[in-house]
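Structural overview for review
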Amino acid sequence: MELLLVSLLNGLVYGMLLFMLASGLTLIFSMMGVLNFAHASIYMLGAYFAYDVSRHIGFWPALVVAPVLCGGLGALIEMYGLRRVHRNGHIAELLFTFGLAFIIEKAVQMIWGLLPVPYRVPAALDHTLFHVYGTNFPAYRGFMLLVSALMFLAIWLMLTRTRMGLVIQAALTHPEMVGALGHNVPRVFTTVFAGGCALAGLAGVIGGNYLVTEPSMAFTMGPIVFVVVVFGGLGSLAGCFIASLIMGFVQTFAVVLEYSLADALAAIGIKVSDATALGEVLTIPLPRIGALLPFVMLILILLFRPRGLMGTRDT
Amino acid sequence: MSEILAHPGARPVPTTGAAAFARRHGPWFLALAVALALPWLFYDWSRARHSGFVVAMLSQMSMMAIFALSYNMQMGQAGLLSFGHAVFFGLGGYCTAHALNAVKGGSFWLPTELVPLVGGVGGLVFAIVFGYVATKQRATAFAMITLGIGELVTACALMFHTFFGGEGGVSTNRMIGTSLLGWSYGPSIQVYYLIVAWTAIAVALMMLLTRTPLGRMANACRDNFERAQFVGYDPSIVRFFQFALSGFFAGIAGGLYTLTYEIVTFDTVAGAMSANALLMTYIGGVGAFAGPVLGAVLIVLLQSWVSLLSNSWLVYVGVLFIVMVTFAPGGIAGILLMHEPLWRAGRLGRLAVPYARLLAPGVIAVAGFVLLVELCSFLTIGAAQGKAFKLSGLTIDPQHPGAWLIGALLLGAGGLVLWREGRRFRAAWEALVEEIKAGARA
């Protein structure tokens with residue numbers, strides 16, 4: 001029970017962090033058809049910007065400054081990079097963002113060094129919020145939940161209550177039609193791209209000190225965010241939300257459940273040891289396969305339901 | 001473009017017979033001759049030794065050429081963007097390592113010359129397994145599945161010790177004493193000649209494959225898979241065959257890798273190696289058969305030569321890649337092919353002056369960019385390694401703002417002039433093409 005509750009809370013925190021990244025990516029991917037490889041790199045930049053700003057001014061200004069910087073960078077990338085490459089087709093766009101991710105990683109290594117930077121939780125939030133069965137729940141995780149819930153509310157209001165949001169919703173499923181109706185689709189694209197990058201930056205600010213701020217953080221996070229987006233389905237923020245939470249729970253529960261396939265087989269009366277065929281595969285405990293699970297999920301969903309959980313069209 | 005062919009002053013193009021064969025395949029035989037002769041250019045006669053650096057670099061180029069060509073079987077010829085191609089390279093390498101150890105241990109007999117074939121078969125088997133899953137989809141879904149497979153295999157390589165040897169990898173010894181030629185394969189030059197032979201075979205086979213119905217149908221499915229379906233072919237089967245065969249050739253490259261380095265680690269299946277295949281192939285050019293070879297040669301040259309001079313060589317590769325994607329989606333081969341009609345019309349000389357005008361600002365802008373990147377890298381990584389930034393004996397202090405100012409000025413001024421000259425060059429180019437077209441019509 002204790003394990004379940006604590007893991008649920010941790011899974012929720014991680015899932016919401018994933019959603020912050022994945023929501024922007026899902027909007028970009030659905031509207032522009034571009035799988036933005038650089039999205040997780042923007043998340044990393046958000047963390048590094050926040051580290052630099054919080055060193056000089058403090059954490060609270062960083063919470064605003066870093067996402068704004070990331071959003072501005074995103075707008076520049078869309079206007080001067082992607083729009084130009086768009087002429088050469090979707091593959092070229094995808095490769096462009098891939099190259100960008102590559103360069104951003106190297107640039108971060110050159111500017112901030114190869115080692116993790118000491119980006120820490122602010123002192124005001126560095127205490128225990130409450131105890132669950134003797135386990136501490138840090139205030140910072142509560143703060144992360146609060147920020148992501150607020151962001152979720154803000155996106156939802158923006159998409160359903162504003163004119164811009166309605167145009168974006170329409171462009172998610174019928175981009176050509178929206179253009180034909182006389183809306184400035186390129187500007188909508190730039191806005192969404194910049195907004196998505198700002199959200200990724202925000203995720204970097206609050207995730208960078210929760211996890212570790214290092215040059216490889218983009219390449220560890222990136223594939224997982226892709227899995228979330230594909231799993232949730234194109235054109236569906238709700239699917240993206242559910243997929244983020246599923247992924248959060250899968251990853252946290254995989255870490256705490258010390259079972260292996262051999263244990264499952266033992267339950268039905270088959271004994272497995274290292275000596276049996278495939279014994280090595282079967283006796284690996286779940287926490288060690290945890291890292292594999294997202295990719296197994298990705299391959300399975302693309303095979304059996306290419307449109308994802310709640311998607312409206314195939315990937 | 002066909003009207004350009006009919007230009008009266010055009011160079012005659014043989015279409016049949018030995019002349020056509022020589023014209024079409026001449027560059028390949030020339031490349032083979034160069035590959036065979038190059039190690040002797042760097043031979044140290046006084047000590048009667050080959051230059052280890054050059055032989056290692058050439059070996060790397062050769063095997064990477066196979067790897068990039070096999071990648072282009074998917075990317076260029078079948079229009080399949082894969083992010084996990086290194087899986088077949090690495091698994092081929094692992095299979096080869098185990099085969100070498102088994103032959104050494106006396107389990108079975110296999111001539112050293114045929115050992116890379118084990119890698120090829122290993123790559124083929126795994127490509128059949130993974131390809132069965134991946135090729136049901138195309139485009140972005142295919143790219144995502146291959147990304148997932150790549151990550152899966154990398155994670156497995158670190159997890160399972162019996163086959164992959166964990167983080168330490170699998171070590172082996174190529175001197176198994178079963179050579180048909182009586183070579184020991186101790187000296188790396190012997191291995192290099194084996195690699196060149198296998199490269200020649202693999203390149204010839206891959207080129208022949210493009211002429212088979214399978215190769216043609218792969219092109220058709222790339223260009224318009226719906227029409228290919230109407231004709232009566234199943235695109236997913238075509239994709240599957242192309243994928244499996246491409247895995248075979250990647251496996252051969254992996255086998256050659258194992259023979260050269262005598263160790264295979266999880267790096268060979270990891271994402272960085274897959275990215276390497278993508279970079280080499282795209283920078284070289286996906287549209288022409290020989291493009292990936294050019295890319296492999298260039299990237300390995302950067303990798304082994306520039307990485308000696310600079311910590312940040314990967315930044316240059318990345319920037320080169322972005323520039324290519326943005327401005328020259330055809331890669332180096334595409335740029336060269338654009339000149340072909342002009343060359344046939346005998347007007348290539350007219351571009352000499354516009355090119356010369358591009359050269360100076362280009363060099364200045366690149367110098368400025370390199371200076372800025374190096375300053376940045378010496379400020380952090382270089383400082384951590386305790387190195388000083390030296391330029392032909394002159395030590396540059398990366399803390400000093402003057403160096404940064406010079407770099408920014410060079411990049412800014414060079415870039416501006418380059419941009420203006422670029423527009424002028426484009427105008428000159430278009431005028432020339434128009435002129436040739438008009439000449440052909442007259």
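Small disclaimer: the values here were computed from a predicted structure and weren't measured.

**Digging into the overall build of chain B**
- When helices and strands are counted, chain B shows 18 helices and 4 strands.
- Overall, chain B is about 70 × 65 × 50 Å in size when its C-alpha atoms are taken along their principal axes.
- Counting the 442 residues in chain B, one finds 41% classified as buried.

**Remarks on the overall build of chain A**
- Each helix and strand in chain A was counted, giving 14 helices and 2 strands.
- Taking 20 Å as the expected radius of gyration for a compact globule of 315 residues, we find that chain A reaches 21 Å, a close match to that expectation.
- In terms of principal-axis extent, the alpha carbons of chain A reach across some 65 × 50 × 40 Å.
- Going through the 315 residues of chain A one by one, you find that 45% of them count as buried.
- Residue pairs at least 24 apart in sequence account for 75% of intrachain contacts in chain A once pairs closer than 6 positions are excluded.

**Details of the nonpolar core**
- Ranked by size, the top nonpolar core spans 196 residues in total, and within it Val225(A) and Val228(A) carry the most contacts.
- Considering every element that reaches this core, the biggest residue donor is helix α1 (residues 2-32) of chain A, with 15 residues.
- Apart from residues lying up to four places away in sequence, Val225(A) is in contact with Leu18(A), Leu21(A), Ala22(A), Leu25(A), His39(A) and Ala40(A).
- Counting 7 residues, the second largest nonpolar core, distinct from the first, contains Ala365(B), Leu371(B), Phe378(B) and Leu418(B).

**Topic: the interface of chain A and chain B**
- With 36 residues of chain A at the contact, the number on the chain B side is 33 residues.
- A per-element tally of the side of chain A that touches chain B places helix α4 (residues 90-112) of chain A first, with 14 residues.
- Of the residues contributing to the side of chain A that touches chain B, the split by class is 27 nonpolar, 5 polar and 4 charged.

**A word on the packing of helix α2 (residues 39-56) of chain A against α4(A)**
All names here are of chain A.
- At a minimum axis distance of 9 Å, the contact between α2 and α4 shows a crossing angle of 20°. Classified by the angle their axes make, α2 and α4 are roughly parallel. Crossing of α2 over α4 shows left-handed handedness. Taking contact as the criterion, the partners of Ser41, Met44, Leu45 and Tyr48 in α2 are, on α4, Leu100, Ala101, Ile104, Glu105, Val108 and Trp112.

**Points about helix α5 (residues 115-134) of chain B**
All names here are of chain B.
- The terminal C-alpha atoms of α5, which comprises 20 residues, lie 28 Å apart, in line with the 28 Å expected from a rise of 1.5 Å per residue.
- Most pronounced at Ile128, the bend in α5 amounts to some 30°.
- Of all 20 residues that make up α5, 14 are buried, and the element is covered over most of its length.

**Describing unusual backbone geometry**
- One non-glycine residue, Glu262(B), lies in positive phi territory at about 60°.
- Of note, Glu262(B) is situated in the loop between α11 (235-261) and β2 (263-264).

**Notes on the environment of Thr112(B)**
Residues and elements named next belong to chain B.
- On the secondary structure map, Thr112 appears in the loop between α4 (86-104) and α5.
- Along the backbone, Thr112 and Asp267 are 155 residues apart, and their C-alpha atoms lie at a distance of 24 Å.
- Those residues in contact with Thr112, other than ones at most four positions away along the chain, are Ile176, Thr178, Ser179 and Tyr185.

**Some details on the packing of helix α9 (residues 217-232) of chain A against helix α14 (residues 293-304) of chain A**
Residues and elements named next belong to chain A.
- For the pair α9 and α14, the least separation of the axes is 10 Å and the interaxial angle reads 30°. In this view, α9 runs roughly parallel relative to α14, as classed from their interaxial angle. Considering only the axes of α9 and α14, their crossing is left-handed. Across the interface between the two elements, Ile224, Val227, Val230 and Phe231 of α9 pack against Pro294, Phe295, Met297, Leu298, Ile301 and Leu302 of α14.

**Brief notes about the domain arrangement of chain B**
- You can read the domains of chain B as domain 1 (28-298) and domain 2 (347-441).
- Using C-alpha coordinates to define each centre, domain 1 of chain B is positioned 35 Å away from domain 2 of chain B.

**Focus: the confidence of the model for chain B**
All names here are of chain B.
- Across chain B, pLDDT averages 84, with 93% of residues at or above 70.
- Ignoring residues within four places in sequence, the model shows residues 1-10, a span with pLDDT below 50, making 20 contacts including any to other chains.
- Reported confidences for the modelled complex are a pTM of 0.85 and an ipTM of 0.82.

**Here we look at the environment of Cys221(B)**
Residue and element names in this part refer to chain B.
- Note on placement: Cys221 falls in helix α9 (residues 213-223).
- Spatially, the C-alpha atoms of Cys221 and Tyr233 are 9.0 Å apart, while their sequence positions differ by 12 residues.
- Not counting chain neighbours up to four residues away, the residues in contact with Cys221 comprise Ala78, Ala228, Pro235, Val238 and Arg239.

**So, the environment of Met158(A)**
All names here are of chain A.
- By secondary structure assignment, the location of Met158 is in helix α5 (residues 139-161).
- For Met158, a count of 13 C-beta atoms within 10 Å gives the class partly exposed.
- Each C-alpha atom of the pair Met158 and Leu73 lies 22 Å from the other, and the pair is 85 residues apart in sequence.

**Remarks on helix α15 (residues 331-338) of chain B**
- Restricting attention to buried positions, one finds in α15(B) the residues Gly331(B), Ile332(B) and Ala333(B).
- Where α15(B) is buried, its residues contact α12 (271-284), α13 (291-309) and α14 (313-327) of chain B.

The rules we used
Residues numbered from 1 in each chain as written. Chains lettered and ligands numbered in written order. Predicted model: local features only at pLDDT ≥ 70, side-chain atom pairs only at ≥ 80, totals over all residues. Helix = DSSP H or I, 4+ residues; strand = E, 2+ residues; numbered from the N terminus. Buried ≥ 20, exposed ≤ 12 C-beta atoms within 10 Å, placed from the backbone. Rg over C-alpha atoms; globule rule 2.2 N^0.38 Å. Contact = placed C-beta atoms within 7 Å. Core = buried A, V, L, I, M, F, W, Y, C linked by C-beta atoms within 7 Å. Nonpolar A, V, L, I, M, F, W, Y, C, P; charged D, E, K, R; others polar. Axes fitted to C-alpha atoms, helices over the stretch in contact; angles between N-to-C directions. Parallel < 35°, antiparallel > 145°, perpendicular 65-115°, else oblique. Left-handed = near helix turned anticlockwise from the far one by under 90°. Expected span 1.5 Å × (residues − 1). Bend = angle between axes of the 7 residues up to and from the residue. Domains from an automatic or database assignment. pLDDT = per-residue confidence, 0-100.

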